[in-house]
Amino acid sequence: MAHVRTYGPNVKIGNWNEDLRLREDARKAYQEKKERGELAAQKVDFLKEKILTPVNLSVTLDGNLHFGDVVMLVNMGGKNRQCSAVSINADIYSVTKTPSPGIQSPCGISAEQGIQACTRTAFVITSVDGSPEGSTLCFEQSFALKTTSGFARGLYLTSDLLNFQKCAKKSHLQEVMLDDCSSFLTWWKIMHFDPQERLENEGQPVPANTKVLIIHCKTNQALATLGDQVLWTTFGKEYEVTAHTFFDSHKAEQDSNHWILCTSDPVGNGLVLFNHLKSTANKNEITREDPET
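(A) Looking closely at the environment of Ser 127. Its location among the elements puts Ser 127 in strand S6 (residues 123-127). With a relative accessible area of 25%, Ser 127 lands in the partly exposed category. Linking Ser 127 and Ser 142, residues 15 residues apart in sequence, is a C-alpha distance of 7.7 Å. A distance of 3.3 Å separates the side chain of Ser 127 from the backbone nitrogen of Gly 130, its partner in a polar contact. A polar contact of 2.9 Å, which involves the side chain of Ser 127, links it to the backbone nitrogen of Ser 131.

(B) Inspection of the side chain of Asn 75 at higher detail. One can find Asn 75 in strand S1 (residues 70-75). Separated by 2.9 Å, the side chain of Asn 75 and the backbone nitrogen of Gly 77 make a polar contact. Other than its neighbours up to four places away in sequence, Asn 75 contacts Arg 81, Gln 82, Cys 83, Ser 84, Thr 225, Asp 255, Ser 256, Asn 257, His 258 and Trp 259.

(C) Looking closely at the pairing of strand S10 (residues 188-192). The buried fraction of S10 is high, at five of five residues. Across the two faces of S10 the burial is the same, with Trp 188, Ile 190 and His 192 and Lys 189 and Met 191 all buried. In this sheet, strand S11 (residues 211-216) lies alongside S10 in antiparallel orientation, the contact comprising five bridges. Counterpart to Trp 188 in the pairing with S11 is His 216.

Procedures and definitions
Residues numbered from 1 in each chain as written. Predicted model: local features only at pLDDT ≥ 70, side-chain atom pairs only at ≥ 80, totals over all residues. Heavy atoms only, no water. Helix = DSSP H or I, 4+ residues; strand = E, 2+ residues; numbered from the N terminus. Buried < 20%, exposed > 50% of the residue type's maximum accessible area, 1.4 Å probe, protein only. Polar contact = N/O pair within 3.5 Å; in protein donor to acceptor, adjacent residues only side chain to side chain. Contact = heavy atoms within 4.5 Å. Pairing = 2+ DSSP bridges.

Shown next, in the form of structure tokens:
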């Protein structure tokens with residue numbers, strides 16, 4: 001009973017003056033934080049404002065990917081997951097305002113279910129072998145994927161061998177993250193998703209907006225999104241992204257390893273991938289309505 005408060009806050013008995021001062025100090029501290037934009041809600045709003053800024057993806061006129069292209073990494077989904085895109089998994093503690101606002105390194109990634117071309121989902125295909133910007137990216141050729149400059153700070157998609165201290169949070173598979181250092185850990189290569197066509201496509205240009213595998217050069221593991229490993233982030237429910245090759249009974253990679261490097265439509269009508277899906281759906285609908293044509 002000694003700790004039970006037996007008087008109201010307006011009754012001037014006990015430590016009423018101390019309580020009043022404490023409330024005034026708390027109110028003053030709140031106002032100062034609000035003026036500096038340091039409230040948690042203000043930090044979340046600032047993060048979303050910056051990281052969800054729309055980004056114009058590259059337009060490919062020859063249908064192939066090139067060094068310097070800005071693309072989205074999209075997985076079309078599967079049995080236990082929806083269509084998703086690799087995204088920067090940043091929270092209010094991942095943001096620094098000195099010397100300029102931006103994402104701190106290292107930073108995690110995830111796969112968001114909303115397909116939106118913005119700072120959070122845009123990646124730049126970067127040369128690691130001296131290939132000039134604008135040259136065509138080929139199958140089995142090493143390259144790096146980094147975020148856009150500015151708020152995203154140009155961080156590299158990186159991974160390393162699995163160990164007890166370094167692994168994905170949910171699945172405990174090989175971790176994939178963003179880092180500001182360019183090294184062999186940031187090297188990736190693209191392979192044809194069909195094992196029977198890989199040999200004949202080796203060294204050929206990589207077509208944009210088609211299904212491929214993204215392989216980590218050091219560990220030879222494929223980039224994957226896991227529908228059964230859900231992350232609750234600042235942006236909602238998302239999937240964990242890891243580097244792990246999932247095989248089916250025919251020793252072929254599963255759809256969790258299949259990615260599409262999306263570009264913009266040359267006529268400015270959004271993403272080429274989804275415009276193609278819409279046109280295919282419309283054709284199928286017309287065929288069902290008039291099967292004789």
